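Chain residues, written in single-letter form:
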Amino acid sequence: MLWEALTAVRDLGRLHSLASILIRYGFSDMVQRLGMGHVLERAGRALNWKGVANLSHLETPERVRKALEEMGPTFIKLGQILATRVDLFSPDWIKEFEKLQDQIPALPFDIIKKRLEEDLGSDLDTVFAFIDEQPLAGASIAQVHRARLITGKEVVIKIRRPGIRRTVEADLRLLERLARIAETEISEIRRYQPQEVVRQFTLSLHRELNLAIESRNADRMRNNFANDPNIVIPFHHWHLVDERINVQDYVQGFNSRDLDGIKQAGLDRKTLAVRGANAVLKMILIDGFFHADPHPGNIVYLSGNRIAFFDFGMVGRLTEYRREQVVDLMHSMAIRDPNRIVEVLLDWSDDTLVETDILVVEVDDFIDTYHSVPLKQLKLSNLIIDLADLMRAHQLVLPPDLTLLFKALITLEGLGRQLDPNFDIVSEAAPFLEQAMVDRYRPDILMKRSWRSFTGMMDILTGMPEDLRRLLRAVRGGNVRLNINLSQLEHFGLQLDRAASRLTVGLITAALIIGSSIVMTVSGGPTLFGLPALGLIGFLGAGFGGVWLLVSIWRGTRNLG
């Protein structure tokens with residue numbers, strides 16, 4: 001087991017805590033299969049097998065969600081990321097993951113004050129005229145306080161929790177090992193690609209830990225909407241920004257859940273729904289840089305039917321090529337082209353082997369299901385979930401950037417329908433899709449694409465002589481290697497090794513039988529029970545070998561069944 005390699009004493013306490021939580025929520029079998037119990041026993045610790053809760057009335061998704069909540073901030077964040085993987089998990093799992101709340105008790109202000117003074121390099125009085133000691137919000141990574149600069153500007157201070165990076169790094173090390181072992185040892189988990197999920201989660205969490213990255217994201221988003229007075233992105237004060245702190249303008253507005261306040265302020269809910277949808281669609285289809293978590297806590301509505309977006313710690317990025325694929329997918333659904341849709345899905349899933357003809361038929365049925373639905377009755381969330389179900393059935397997996405996209409679209413539609421029950425995101429998306437299709441064939445875009453292809457071809461042609469020279473030099477030097485990557489190669493090797501062991505035991509057993517038979521015919525020498533001792537021992541050894549061989553064959557046959 002790879003857990004044997006876990007020798008860092010600093011992680012053993014955390015490992016014991018995580019294993020105990022899993023056991024308490026009914027996952028003791030998983031703990032044992034991952035080898036976690038064995039490591040803890042060797043470390044001189046005993047798992048607390050008592051006190052396992054009676055969870056027979058809870059479904060597995062709910063037990064997993066409760067375990068993640070108890071395992072702490074890193075695992076809550078992981079669950080929130082998993083909530084975006086509609087391609088991997090069914091709706092009942094997604095529903096539970098979405099319940100994970102990132103709210104934990106706030107730290108005392110004395111601790112926060114000390115961190116602020118360390119980061120600012122001066123007393124708070126030299127920078128702030130006022131700081132509210134009661135936080136506006138508290139989460140696992142950071143907590144937020146309202147304040148006023150000495151210039152009189154109302155701001156919000158976001159401070160990373162002291163010591164959080166050390167805790168997160170320890171959890172990430174354990175998660176990486178856990179994912180590697182789970183993918184190797186537990187076949188039913190393998191299809192969820194735990195190592196890739198953890199890798200993407202690690203990248204996302206490292207970015208979220210750096211509050212200066214959030215400020216850079218906000219600046220980029222503000223530049224993208226510089227010509228739109230209806231979209232507000234708070235200004236970040238860069239002289240008060242670093243990895244552990246950022247300071248941004250305070251924006252007073254109405255939360256999207258405060259429908260009464262929105263009505264009393266005279267705001268038009270339909271206008272807000274349309275402007276919010278247009279803003280997010282522009283982020284996705286035009287800019288390729290979008291807010292990946294547009295939930296109600298990150299959006300407020302302002303006078304004049306304006307909308308302010310906050311918290312750019314989690315953003316999504318789409319390359320030009322990826323945006324073209326998204327447009328192709330949506331356009332192909334509109335014109336009922338299942339073959340093109342299948343091509344896009346297969347491009348997203350790389351080398352996954354599927355029955356293409358069957359997939360085309362099922363995609364055609366999928367399109368037919370939604371094609372006759374009036375636009376006002378069409379829910380994009382249902383369409384995405386059904387598409388994800390279809391992909392799961394064929395073992396197709398979305399690229400990580402698209403999982404954030406789908407999650408953002410589902411959240412956006414929910415916000416829109418909350419403001420306006422008749423909100424139709426498909427109609428709002430249509431002009432963006434049309435514009436994207438037109439822009440793709442603009443003369444300047446075609447020239448740019450042709451020039452890129454031409455320069456790429458010239459690079460290949462001009463570099464070919466040198467590449468051939470290196471290849472020939474490698475061949476002459478005997479440095480050419482052929483690497484073949486076969487699926488299930490490790491399992492095949494184990495089967496081959498087992499077969500060789502059986503063959504060896506069979507040969508030894510046969511040799512013992514023949515040799516013992518010869519010894520039995522020779523007179524003289526020591527006897528046992530009146531029979532030649534060596535011959536009798538040989539027959540006993542052959543008998544044990546034969547029994548082992550039969551048991552091994554029986555076990556192998558049962559495993560195959």
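Residues numbered from 1 in each chain as written. Predicted model: local features only at pLDDT ≥ 70, side-chain atom pairs only at ≥ 80, totals over all residues. Heavy atoms only, no water.

A. Local environment of a nonpolar patch on the surface. A surface patch of nonpolar side chains, about 740 Å² in accessible area, is lined by M457, M458, I460, L461, M464, L468, L471 and V475. Here L468 lies in helix α20 (residues 443-476). (Patch = residues over 30% accessible without salt bridge, like charges linked within 9 Å, V, L, I, M, F, W, Y side chains within 5 Å. Areas by Shrake-Rupley, 256 points an atom, 1.4 Å probe, with all protein chains shown as cover. Salt bridge = Lys/Arg side-chain N within 4 Å of Asp/Glu carboxyl O. Helix = DSSP H or I, 4+ residues; strand = E, 2+ residues; numbered from the N terminus.)

B. Spotlight on the side chain of H291. Mapped onto the secondary structure, H291 falls in strand β8 (residues 289-291). At 2.6 Å, the side chain of H291 and the backbone oxygen of F310 are in polar contact. Here the side chain of H291 touches D311 through a polar contact of 3.0 Å, landing on its backbone oxygen. Not counting the four nearest positions on each side in its chain, H291 is found in contact with M221, M283, N298, F309, F310, D311, F312, M314 and A408. (Polar contact = N/O pair within 3.5 Å; in protein donor to acceptor, adjacent residues only side chain to side chain. Contact = heavy atoms within 4.5 Å.)

C. Structural view of the sheet that holds strand β9 (residues 299-302). The 4 strands are arranged β5-β10-β9-β7 in an open sheet whose pairing can be described as mixed. Looking along the sheet, the strands with just one partner apiece sit at the ends: β5 (231-232) and β7 (254-255). Across 2 bridges, the pairing between β7 and β9 is antiparallel. Bridged to N255 within β9 is V300. (Pairing = 2+ DSSP bridges.)

D. Broad picture of unusual backbone geometry. At N305, a position not held by glycine, the phi torsion is positive, near 55°. When you line up the elements, N305 lands in the loop between β9 and β10 (306-309).

E. Representation of helix α15 (residues 338-348). Among the residues of α15, P338, I341, V342, V344, L345 and W348 are the ones counted as buried. Considered in projection along α15, the buried side chains sweep an arc of 160° and stay on one side of the axis. Of the surrounding secondary structure, the elements contacted by the buried residues of α15 are α14 (320-335), α16 (356-371), α17 (380-393) and α18 (400-419). (Buried < 20%, exposed > 50% of the residue type's maximum accessible area, 1.4 Å probe, protein only. Arc of directions from axis to C-beta.)

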